[in-house]
Amino acid sequence: IRDWSVTGVQTCALPISLPPAPAGATRTGYQELISAIAERAGVDFPEAREAAETTVTLLAARLDSAGRQRLREAVPVQLRETMPMRGDSLPRTLEAFLGEMAWLRGQTEEQARNQAEATLTALAERNPDLAGSLDLPPELRQLFGPAAGA
């Protein structure tokens, strides 16, 4: 358990690594999503994969059970493995979300925001109703970009 001094909330390190995509996988689903995130964020595939894993994990931890289920259904199976089973336990502010993402990824909040926006915008483009179906404060919903009607 680590004490996150920005909010004073104790958190534990969240799993952010996944096995590689299944052998023979096509450039659809997981690989297509991660490639879109990489292009949008200006990072390589491994960094985009870690950004997607962290973003999905942190977002899921801020959702109720129904929201986590909707998010789970919207992401490729490889990203479901990182999602927490319980949620609604972390601060639901943009500042807290970006601060924790930056801390977990060892980057600035600006880099964290860029990668979270790339991830959630790519998800919103593939699932236009996703952002609106999640119980999120407007400041977090804006990370889904224009495809989500933000």
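Before any of the text, the structure's been laid out above.
Residue positions within a chain follow its written sequence, with the count starting from 1. Local features in this predicted model are restricted to residues whose pLDDT is 70 or higher, and side-chain atom pairs enter the listing and the counts only when it is 80 or higher, whereas totals over whole chains, interfaces and linings include all residues. Excluded from the side-chain calculations are hydrogens and water; all other atoms, namely the structure's heavy atoms, are used.

Draft legend 1. The pattern of salt bridges, seen in detail. Whenever Lys or Arg places a side-chain nitrogen within 4 Å of a carboxyl oxygen from Asp or Glu, that contact is recorded as a salt bridge. Following the criterion strictly, the structure yields 8 salt bridges and no others. The partner of glutamate 125 in a salt bridge is arginine 40, and the shortest N-O contact between them spans 2.7 Å. You can see glutamate 125 sitting in helix α6 (residues 109–126) and its partner arginine 40 sitting in helix α1 (residues 30–41), a full 85 residues away along the chain. Residue arginine 113 pairs with glutamate 117 through a salt bridge whose shortest N-O separation is 2.9 Å. Here arginine 113 and its partner glutamate 117 are both found in helix α6, 4 residues apart, which amounts to about one turn of the helix. Working definition: helices are DSSP H or I runs of at least four residues, strands are E runs of at least two. Numbering for both runs from the N terminus.

Draft legend 2. Region of the structure containing the nonpolar core. Here, nonpolar core refers to any group of buried Ala, Val, Leu, Ile, Met, Phe, Trp, Tyr and Cys residues whose side-chain atoms link them within 4.5 Å. Exposure classes here rest on a 1.4 Å probe applied to the protein chains alone. A residue is buried below 20% of its type maximum, exposed above 50%, and partly exposed in between. Counting residues in each nonpolar core, the largest one holds 41 residues, and the members touching the most others are Ile37, Leu59, Leu71, Phe97 and Phe144. Elements represented by at least two residues in this core include exactly α1, α2 (45–60), α3 (65–74), α5 (94–105), α6 and α7 (130–133). Setting aside residues up to four positions removed in sequence, isoleucine 37 forms contacts with Ala48, Ala52, Ala118, Thr119 and Ala122. We call two residues in contact when some of their heavy atoms are within 4.5 Å.

Draft legend 3. Structural context of α1. Working rule for helices: expected span equals 1.5 Å times residues minus one. Here α1 spans 16 Å end to end across 12 residues, near enough to the 16 Å set by a 1.5 Å rise per residue. Among all positions of α1, only Tyr30, Leu33, Ile34, Ser35, Ile37, Ala38 and Ala41 are buried. The elements touched by buried residues of α1 are α2, α4 (77–80) and α6. Downstream of α1 by a residue or two, glycine 42 has a phi angle that is positive, lying close to 70°.

Draft legend 4. Quick look at the packing of α2 against α5. Note on method: axes are straight lines fitted to C-alpha atoms, helices fitted across the in-contact stretch only, with angles between N-to-C directions ranging 0 to 180 degrees. Contact geometry of α2 with α5 gives a least axis separation of 10 Å together with a crossing angle of 140°. When the axis of α2 is compared with that of α5, the two are oblique. When you trace α2 past α5, the crossing you get is right-handed. In this structure, α2 uses Glu47, Glu50, Ala51, Thr54, Thr55, Leu58 and Leu59 to contact α5, whose residues at the interface are Phe97, Glu100, Met101, Leu104 and Arg105. Convention used here: angles under 35 degrees read as roughly parallel, angles over 145 as roughly antiparallel, angles from 65 to 115 as roughly perpendicular, and any remaining angle as oblique. We call a crossing left-handed when the near helix sits turned anticlockwise from the far one by less than a right angle, and right-handed when that turn is clockwise.

Read these as spatial facts, not as claims about activity.
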